[in-house]
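# Tertiary structure, described
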Amino acid sequence: MTGGIFFIAYTKVGVIWLLLDKQFTDIPNSQSRIVKSTKNFSEPLFWLETEDYNNIQILINRAEIWESFKNATDRIFENKIVTAHKDHIAKNKILLSDFFGIEKHFIPLKSAYEIETEFQEKVKKANEVSKKKRQEILAKSNPKPTKTVVTQTVFNRNQYVIVEVLERAKGVCEKCNKNAPFLKDSDNLPYLEVHHIKPLAEDGEDTVENTIALCPNCHRKAHYGKTSH
């Protein structure tokens, strides 16, 4: 950052920003807009903004984008309106070569599980705050939630296991022995959720023997309920 303008950034809400000297409108899931602080320049600069993580590789491969980036940063340094010195760089700077590595693990993203675990911990702490204090916080809270980009490992489950287990259950929860709470609009079949007794993340097998058909209530209890000893 120099003169109050950052050149490139990745924000906590999952937005990638890149400073350019021209607009690129052919990059999917992105937008280009004028940098407000440069609107009085003879030729304004532009932000390329995207929330699509896959655009990282597109940006890496576009030589004209990096040429535009170089031109934009040179103009910032050379412009008399910018009062900061060239050594006015953010303390937590990292090299572009480090930031734009080929491997996708260069951005330390959290998993969906980590995000949910942290959120549940926040809910627990919020429950310890007095009602009066909680309402004061709510009155000052932003009604629009922020966003976080997450990484998520998805197991490619065997669809035949699901069909077999649901057929075995015959519309009855295999835990509480109650009928499924409703019929699905898509196929008019009873709605039950197939749960792995030993989680796949803990090396459990995706087999009929390791799965059970549960109603939504029992499924949530299986994940979040208190374990009896």
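Residues numbered from 1 in each chain as written. Predicted model: local features only at pLDDT ≥ 70, side-chain atom pairs only at ≥ 80, totals over all residues. Heavy atoms only, no water.

## Thoughts on the overall build of the protein
Counting its secondary structure elements, the protein contains seven helices and eight strands. Within the protein, the proportion of its 229 residues that are buried is 28%. At a minimum sequence separation of 6, the contacts of the protein that also span at least 24 residues come to 63%. (Helix = DSSP H or I, 4+ residues; strand = E, 2+ residues; numbered from the N terminus. Buried < 20%, exposed > 50% of the residue type's maximum accessible area, 1.4 Å probe, protein only. Contact = heavy atoms within 4.5 Å.)

## Digging into the nonpolar core
Core analysis: the biggest nonpolar cluster contains twelve residues, these being Val161, Val165, Ala169, Cys173, Ala180, Leu192, Val194, Ile212, Ala213, Leu214, Cys215 and Cys218. Taken together, the elements giving at least two residues each to this core come down to helix H6 (159–169) and strand E8 (211–214). Sequence-distant contacts of Val165, that is, excluding residues within four places in its chain, are made with Glu174, Val194, Val208, Thr211, Ile212 and Ala213. Leu19, Val35, Leu45 and Trp47 belong to the second-largest nonpolar core, a separate cluster that totals nine residues. (Core = buried A, V, L, I, M, F, W, Y, C linked by side-chain atoms within 4.5 Å.)

## Notes on the side chain of Thr50
Along the chain, the position of Thr50 falls in strand E4 (residues 46–50). The class for Thr50 is buried, based on a relative accessible area of 3%. Separated by 2.8 Å, the side chain of Thr50 and the backbone oxygen of Asn29 make a polar contact. (Polar contact = N/O pair within 3.5 Å; in protein donor to acceptor, adjacent residues only side chain to side chain.)

## Things to note about the packing of aromatic side chains
Evaluation of the coordinates by the stated rule reveals three aromatic pairs. Ring geometry for Trp17 and Trp47: centres 5.8 Å apart, planes at 85°, overall edge-to-face. Residue Trp17 is found in strand E2 (residues 16–20), and its partner Trp47 is found in strand E4; the two are separated by 30 residues along the sequence. As far as burial versus exposure is concerned, Trp17 and Trp47 are alike and both buried. A ring pair is formed by Trp66 and Phe69, whose centres lie 5.5 Å apart and whose planes are at 75°; its orientation type is edge-to-face. With Trp66 and Phe69 both in helix H2 (residues 63–78) and three residues apart, the pair spans about one turn of that helix. (Phe/Tyr/Trp six-rings, centres within 6.5 Å; stacked < 30°, edge-to-face > 60°.)

## Comments concerning the pattern of salt bridges
All told, the structure shown has five salt bridges when counted by the stated rule. Here Glu64 and Arg62 are joined by a salt bridge, their closest N and O atoms 2.7 Å apart. Note on Arg62: relative accessible area 18%, which makes it buried. Between Asp187 and Lys184 there is a salt bridge, with the nearest N and O atoms lying 3.4 Å from each other. Each of Asp26, Arg62 and Glu64 takes part in one network of salt bridges that share partners. (Salt bridge = Lys/Arg side-chain N within 4 Å of Asp/Glu carboxyl O.)

## Notes on the confidence of the model for the protein
Counting all residues, the mean pLDDT for the protein is 78, and 74% of those residues have values of 70 or more. Element-level pLDDT for the protein is lowest in helix H3 (residues 96–99), with a mean of 40, against a maximum mean of 97 in E8. Counting interchain partners and residues more than four positions distant, the pLDDT-below-50 stretch residues 82–107 has 34 contacts. (pLDDT = per-residue confidence, 0-100.)

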